[in-house]
Amino acid sequence: MSCRLAADNVLYGNPLFRWVYDLAGSALPCWLAYIIAGLVVMFIVVNGVLAGTAVLTWAERKLLGRFQNRVGPNRWGPFGLLQPMADLVKLLTKENLTPKGADRLVFNLVPILMMMPTLLVVAVVPFAMNTAVADLSIGVLYILAVSSLTILAIFMAGWSSNNRFALFGAARGVAVLVSYEVPVVLSLLGVVMVAGSMSLSGVVEAQAVPFLLVQPIALFVFAAGTSAELNRTPFDVAEGESEIVAGYHIEYSGIKFAIIQASEFGGTITASAVIVTLFLAGWQGPLASYLGWLWFLLKLGLVLFLFVWVRATYPRLRTDQIMAFSWKFLLSISLINLLATSLEIYWLRGAERALTTGDLWIMALMNLAIAAACLLVAGRLSQAKVRRVRPPLPVAASGTAAREAR
Amino acid sequence: MYGLQMVRGLLVTLKNLTRKPFTVQYPEERLPQHPRFRGEEFVWYEERCTGCASCAKYCPLGIIKIVTSPSGTAVPQGDKYRLEVFDIEIARCMFCGLCVEACPYDALFMGSGFEQGRYSRRDLVIPIQQLRESDKRPSTWFRPQLEEAKYNPHLGQPVDWKQAGRESWRWHQREKAGLRLDSHPADSNVPDETEKPTQANALPEGPVQGAR
Amino acid sequence: MTIRTEPVTVNIGPQHPSTHGVFRLRVTFDGEVVVQVEPVFGYLHRGTEKLAEERNYVQVVTLTDRLDYVSSMTNNQAYCLAVEKLLEVEPPPRGKYLRTITAELQRIASHLVGVGFFLQELGTFGGTPLMYCFRSRERILDLFEMLCGARITVSYMRPGGVFADAPADFWPALATFLNAFPGELAELEQLILENEILMVRTRGVSPLPLDLAINCSVSGPVLRASGLAWDWRKVDPYDAYDKVEFQVPVGSNGDNYDRFWVRMQEVRQSLSIVRQCIAQIEPGPVRLPDLPLVLRAAPGKEAYGRIEAPRGELGFYLVSDGGVSPYRCKIRSPSLINLTVTEHLLVGWKLADMIVTLGSVDINMGEVDR
């Protein structure tokens, strides 16, 4: 008996799934074949993400080390490549503490809940041509919905830990994440409008000109928003290791801590993958049908490098400043972007209601100009915050005067 | 313009990414130490020591333990006191070097090493036996005579007791024995019954070993 | 529905990463805003003042190393000045110049640590500026190793001068440092000095009014950031400071940024002082030759030696009873006195600002607890 997958199934676009499904379906009942094929795909994706996480922890530590003129991990394996394994073994052998007075169920549920959104987001990212696990037609919406689940885990961690530092971290994290959802959604709206599709493969295919140029403001807002959601510098208030030590995961140890860390790094990978897909034309490049994965990985590496670079350079903002940055600056420029983009689309698109490559270039020029104007105006407006109110006296007072005065 | 300074900051970190690391991977690589480095393994020359315990008195922590007994033999042979115990408890030592500064006969020197880690504090005592037998690679700290000879303990050359002092060892040996220079004018007839330098008289007073 | 809130009391420290040692703040927060601060210290108390009464005058030098272990040279200097006042002796000129050079190098090293940790507490991840600061500080510590065989606990100075002249290879190494360091300093300034995030985080935060600073006897960069050019090197010159030209950087608002800025500028002034000292120094003895190993002062004499340490006015008050050790040794440590304004600086600001303010005051617990 052979099983046929319905063409409107969400997993129909995944060739690996179909192949395993067909293979298993020739011997097993259809529902079992469906589960087996799903498990196979899940296995590959989950392990792929975790391996990528391991590589990222190594790469981030190594890069940070080099940014700081240090060597970074170099003890295990060539260039310290086995460092993540060593970390994992170490964390596995640590005692798995649950603090006294903690809400055990919630406390132990947090690592799982942290890991979940990270893995779920990967499902819709096309990392080569036709290679998404499930090419959802509402991909962008799905990403936004799933990635906000992290808030829940952070708040649960902070609340259940019975630790005031953790509570501080959770309160900060929730405040930041909630306020950053709005500009992020608005920025992606512009992308979706230009692409004319919510499916991520649709967005990639629409990028004859990378949306990096067509939607620069959206890219900026999305990058800032995701780094805030991922607790990365300069928005890492929820962890704030110099202030609230480790924030919401202060009480986690052993493998639970490892999972939380892994989900953070995994979140960075998936967020970068989303940025690559939405703004850097995903797998597009020369010979995209064969080398799509290579272009994707290169672009992913570039975005990750930028994240690490920023992390290595900047101090942290205060919570209220981050919120002000979100509500006053990011929200307004994303609204401007939305308005500009919709007007441009209204004017530019032809009778067949689609944008040509030439139209995209025109939009890119206009949007770059708008972005520069936004930056200038915002800089002028916020100058009062940044400028020296009264510059410190340039080393004027001399000691002889003081001595005479005495 | 707003944000410009942040971009300049990014350039600084990028520039440092291309630089060589300034850290040193310790067990494999080592920083060059200066000859004046005040290290852990004290260098002690029994031949020079009179057992006066100036070092013990001058130590701010009182961690040097000295027990002497009058040796019945041979005051003229330069053995006025026999040193029975000379223990330095480096667990409490802060390596200030005041003991070296206090030593009037250049018998005690700071060492040049720093790797005396032990698992127990009881092991962190340098007993007299170890002081007798260890390599004599003294630090040049507070010892201008070694500095003038451009001695570097980190090159591995030990220094003989005769070359470690600021004066001629022969003068010193008689001074230690409580004899005055003018009472024994003949240098060559000093009998020497200390353990190592039995043929000391035959050795010329050359430059310090280990000089670069 | 009304939300009932209540203040939370949190212990910041003694194992908190940003408390500069074992310092504890019992803080009551309303949300994130500090409403009450109670500093608790004494975790590092070693009884230095009492120990000094049991040691002779030279041995106490080694104890002063352990006070403010980030700037041991200046501790030595303050103590030696006090002993010299007690004995009514004066070190030879070369000794004075060597002291000035090492004290200024120590000031650079100490300010680098202060600035580095201040930026670390601002949240530069993994401390990139801190590593850059330590890179430069390493060079200074190497110089100290050349001078006296130790990097942190130097015990370099003695009453009546310094323990020995600098070795021959010290001067070329110092010249190399003086050539290389301005570039590194410029790099650090480019990285962070005008950074917008730093500006919004620190400008106008926790200002210290000048009158309060004076009333609380605050000294050092914290006082100068509030706008008073008060520097003992100028006001009451010791060692070779009356022979060198330098300026006293002064802030205007006394906020966190000014404290940071004053330190950065003082590093430049210290560099210039070192250069002038190298130009002026002449061969000669570095230590009074006729001072005995065990010093004795006249009974009943008192002396107060003070210097401008990197953290403020460091003073040693010594009383002699004619014995070999001081009858009483009182240490006026700048960190402790600067902590008296803690409550004023912290209350009303947020948790994040509180940590940064502590970093900008730049306390050292070895000195606070003694």
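Look above for the structure.
Okay, so let's go over this structure. From a predicted model like this one, the values you see are computed outputs, not experimental measurements.

### Some thoughts on the interface of chain C and chain B
Every contact between the two is made by 25 residues of chain C and, on the other side, 25 residues of chain B. Mapped by element, the contributors of at least two residues to the side of chain C that touches chain B are helix H2 (59-65), helix H5 (128-148), helix H6 (170-193) and helix H7 (196-202) of chain C. It is H5(C) that contributes the most residues to the side of chain C that touches chain B, five residues altogether. For the side of chain C that touches chain B, a count of residues per class yields eleven nonpolar, eight polar and six charged.

### With respect to the sheet that holds strand E7 (residues 312-319) of chain C
All names here are of chain C. Across the sheet, three strands lie side by side as E6-E7-E8; this open sheet has antiparallel pairing. Each edge of the sheet is formed by a strand with only one pairing partner; in this case those strands are strand E6 (302-309) and strand E8 (328-332). Neighbouring strand axes in the sheet, compared pairwise and without regard to direction, differ in orientation by 15° on average. Relative to E7, E6 runs antiparallel, the two being bridged by eight bridges. For Ala309, the partnering residue across the bridge sits in E7 and is Gly312. Lying on the sheet, helix H3 (residues 72-87) is in contact with E6 and E7; it crosses E6 at an angle near 150°.

### Things to note about the nonpolar core
The biggest cluster of nonpolar side chains holds 245 residues, and the ones touching the most others in it are Ile275(A) and Cys99(B). No other element matches helix H7 (residues 164-195) of chain A, which puts 15 residues into this core. Looking at which domains feed residues into this core, each of domain 1 (1-93) and domain 2 (101-382) of chain A gives three or more. The residues touching Ile275(A), leaving out its near neighbours within four places in the chain, are Phe222(A), Ala223(A), Leu280(A) and Val303(A).

### Concerning the interface of chain A and chain C
Counting residues at the interface gives 38 residues for chain A, matched by 43 residues for chain C. Only helix H2 (30-67), H7, helix H12 (288-313), helix H13 (319-348), helix H15 (383-386) and helix H16 (399-405) of chain A provide two or more residues apiece to the side of chain A that touches chain C. Tallied by class, the residues present in the side of chain A that touches chain C amount to 16 nonpolar, ten polar and twelve charged.

### Digging into unusual backbone geometry
Positive phi, close to 65°, is recorded for Asn69(A), a residue that is not glycine. As for its position among the elements, Asn69(A) is in the loop between H2 and helix H3 (83-93). Positive phi values are uncommon outside glycine, yet Asp239(C) reaches one of about 40°. By secondary structure assignment, the location of Asp239(C) is in the loop between helix H10 (232-235) and helix H11 (256-280). Owing to 25 C-beta atoms within 10 Å, Asp239(C) belongs among the buried residues under this scheme.

### Regarding the environment of Ala109(C)
Residue and element names in this part refer to chain C. If you trace the backbone, Ala109 turns up in helix H4 (residues 93-121). Separated by 19 residues in the primary sequence, Ala109 and Thr128 place their C-alpha atoms 17 Å from one another. Here Ala109 is in contact with Arg137, Ile140 and Leu141, once residues within four sequence places are set aside.

### A look at the sheet that holds strand E1 (residues 8-12) of chain C
Residue and element names in this part refer to chain C. Taken in spatial order, the three strands make up an open sheet running E1-E2-E3, and their pairing is antiparallel. The open sheet terminates on both sides in strands that have one partner only, identified here as E1 and strand E3 (33-40). Across the sheet, the axes of successive neighbouring strands diverge by a mean angle of 20°, strand direction being ignored. Pairing geometry for strand E2 (residues 24-30) and E3, over seven bridges, is antiparallel. Bridge pairing in E3 places Asp30 opposite Val33.

### Regarding the packing of H2(A) against H12(A)
Residue and element names in this part refer to chain A. Their axes nearest at 10 Å, the elements H2 and H12 cross at an angle of 45°. When the axis of H2 is compared with that of H12, the two are oblique. Viewed along their axes, H2 and H12 form a crossing whose handedness is right-handed. In contact with Leu56, Glu60, Leu63, Leu64 and Phe67 of H2, H12 contributes Leu304, Val308 and Ala312. The class makeup of the residues in the contact of H2 with H12 is seven nonpolar, no polar and one charged.

The rules behind these values
Counting from 1, residues in each chain are numbered in the order their sequence is written. In the order they appear in the text, chains get letters beginning with A and ligands get numbers beginning with 1. In keeping with the model being predicted, local features are shown solely for residues with a pLDDT of at least 70 and side-chain atom pairs are shown and tallied solely at 80 or more, while totals for entire chains, interfaces and linings include all residues. Contact definition: two residues whose C-beta atoms, as placed from backbone geometry, lie within 7 Å. Helix and strand assignments come from DSSP, with helices taken as H or I runs of at least 4 residues and strands as E runs of at least 2, each series counted from the N terminus. Amino acids outside the nonpolar list (Ala, Val, Leu, Ile, Met, Phe, Trp, Tyr, Cys, Pro) and the charged list (Asp, Glu, Lys, Arg) are all regarded as polar, and Gly is one of them. Strand pairing is assigned whenever DSSP identifies at least 2 bridges connecting the two strands. Here the axes come from fitting lines to C-alpha atoms, over the contacting stretch only for helices, and the angles between their N-to-C directions go from 0 to 180 degrees. In these notes, a nonpolar core means any group of buried Ala, Val, Leu, Ile, Met, Phe, Trp, Tyr and Cys residues linked to one another through C-beta atoms within 7 Å. Neighbour density around each residue's C-beta defines its exposure: 20 or more other C-beta atoms within 10 Å make it buried, 12 or fewer make it exposed, and counts between make it partly exposed, where C-beta atoms are placed from the backbone. In this document the domain limits rely on a domain assignment from an automatic tool or a database. Here is the rule for angles: anything less than 35 degrees is roughly parallel, anything more than 145 is roughly antiparallel, 65 through 115 is roughly perpendicular, and the remaining ranges are oblique. Crossing handedness: left-handed means the near helix sits turned counterclockwise from the far one by under a right angle, and right-handed means the same turn made clockwise.

So yeah, pure geometry; function would need other evidence.
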